[in-house]
Amino acid sequence: MMKYCDQCGSDKIEKIVPSGDNKPRLVCKSCETIHYRNPKIVAGVLPIYGDKVLLCKRSIEPCVGMWNVPSGYLENKESVEEGAAREVWEEALGKVELIGTHSVYSIARISQVYIHFLGNLVDGKFGVGEESLDCQLFSEEEIPWDNIAFTSSTFTLKRYFADRKAGLQQTHLGNYPEVE
Ligand SMILES: [Zn+2]
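Owing to the predicted nature of the structure, the values given are computational and were not obtained by experimental measurement.

Caption draft 1: Spotlight on the sheet that holds strand S2 (residues 25-28). Read across the sheet, 3 strands follow the order S1-S2-S3 without closing on themselves; strand pairing throughout is antiparallel. The sheet terminates laterally at strand S1 (13-16) and strand S3 (34-35), the two strands that pair on one side only. Judged from the 4 bridges that link them, S1 and S2 form a sheet pairing that is antiparallel. In the strand pairing of S2, Lys 15 is matched with Leu 26.

Written out as C-alpha cells, the structure reads:
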C-alpha cells in the first residue's frame, strides 16, 4: 500500500473510484494524481545453441536452486526486446540475437505477463551472473523437468521442443492455470 504520493509527497491518499472510472484507485487528495497499478511484464529469452538451450539456476528467492528461462521484470523506458536480452546478460553473461516471439503467458491472478523470445546464444558463450548459482546448456533429454522454477518456463520449454520436432516457429499464448 502506497503511503506517500510519489508526485507531491503528501500522505493524503485514499482508495476511491475516480469519476468516469469503474474500479477503486489510490488517489492523492492533495495533487489529485490517480496512482494506477497495472500488470507487470516479465521479459525473457530462451537462448539456443545447437540442439541445446540455456537455463539458469536461481540464486535469489523465489525458487532458489531451481532452473529458469532467463527472465525478469521489464524496467521503465526499456523495450521488451532490450529487457529480455538484458536479463540473459545479467543472469548468464550471454549475448543473444533474438529470433522471434515464442510465448506470451499471462498469470492474471497475480497481474503478470511473461513474454519469452527465442534467441541464438552468440558463440555459445556464457558464464554465471549474479542472480544465478549456475548456468548450463541442456538438451531436451537433460532438462530437469521436476526442478523448473516457474510454470512459464515449463510452458516455454515444452512448446519449444515440440515446435522444433515439427519444424515450426510460432508464438504461443498461455494462461495460468493451464487447461489441457
Ligand atoms: Zn500527490
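Caption draft 2: Broad picture of helix H1 (residues 80-92). For H1, spanning 13 residues, the distance from its first C-alpha to its last is 18 Å, which sits close to the expected 18 Å at 1.5 Å a residue. Looking at H1, one finds that the buried residues are Gly 83, Ala 84, Arg 86, Glu 87, Val 88, Glu 91 and Ala 92. Count one or two residues on from H1 and you reach Leu 93, which has phi positive near 50°.

Caption draft 3: Quick peek at the coordination of the zinc ion. Only Cys 5 (SG), Cys 8 (SG), Cys 28 (SG) and Cys 31 (SG) from the protein coordinate the zinc ion, and they sit 2.3 Å from it. Around the zinc ion sit 4 donor atoms, and with donor-metal-donor angles ranging over 105 to 114° the site reads as tetrahedral. Between consecutive donors of the zinc ion, the numbers of intervening residues give the motif C-x2-C-x19-C-x2-C. By relative accessible area, Cys 31 is classed as partly exposed at 32%.

Caption draft 4: The arrangement of the nonpolar core in detail. If you look at the biggest cluster of nonpolar residues, it comprises 13 residues, and the most contacted ones within it are Leu 46, Val 53, Leu 55, Ile 143, Leu 157 and Tyr 160. For this core, the secondary-structure elements that each account for two or more residues are strand S4 (40-49), strand S5 (52-58) and helix H2 (151-166). The element contributing the most residues to this core is H2, with 3 residues. If sequence neighbours within four positions are ignored, Ile 143 has contacts with Val 53, Leu 55, Phe 138, Ile 148, Leu 157 and Phe 161.

Caption draft 5: Expanded view of H2. If you check H2, its first and last C-alpha atoms are 23 Å apart, about what 16 residues at 1.5 Å a residue would give, namely 22 Å. Of the residues making up H2, those classed as buried are Ser 152, Ser 153, Phe 155, Thr 156, Leu 157, Tyr 160, Phe 161 and Asp 163. Structurally, H2 contributes buried residues whose contacts are with S4, S5, strand S6 (67-68), strand S8 (96-107), strand S9 (112-121) and strand S11 (172-175). After H2 finishes, the residue Gly 167 shows a positive phi value of roughly 70°.

Cut-off values and rules
- Residues numbered from 1 in each chain as written.
- Predicted model: local features only at pLDDT ≥ 70, side-chain atom pairs only at ≥ 80, totals over all residues.
- Heavy atoms only, no water.
- Pairing = 2+ DSSP bridges.
- Helix = DSSP H or I, 4+ residues; strand = E, 2+ residues; numbered from the N terminus.
- Expected span 1.5 Å × (residues − 1).
- Buried < 20%, exposed > 50% of the residue type's maximum accessible area, 1.4 Å probe, protein only.
- Donors = N, O, S within 2.8 Å, 3.2 Å for Na, K, Ca; no water.
- Tetrahedral: all angles 85-135°; square planar, octahedral: opposite > 155°, others 65-115°.
- Core = buried A, V, L, I, M, F, W, Y, C linked by side-chain atoms within 4.5 Å.
- Contact = heavy atoms within 4.5 Å.

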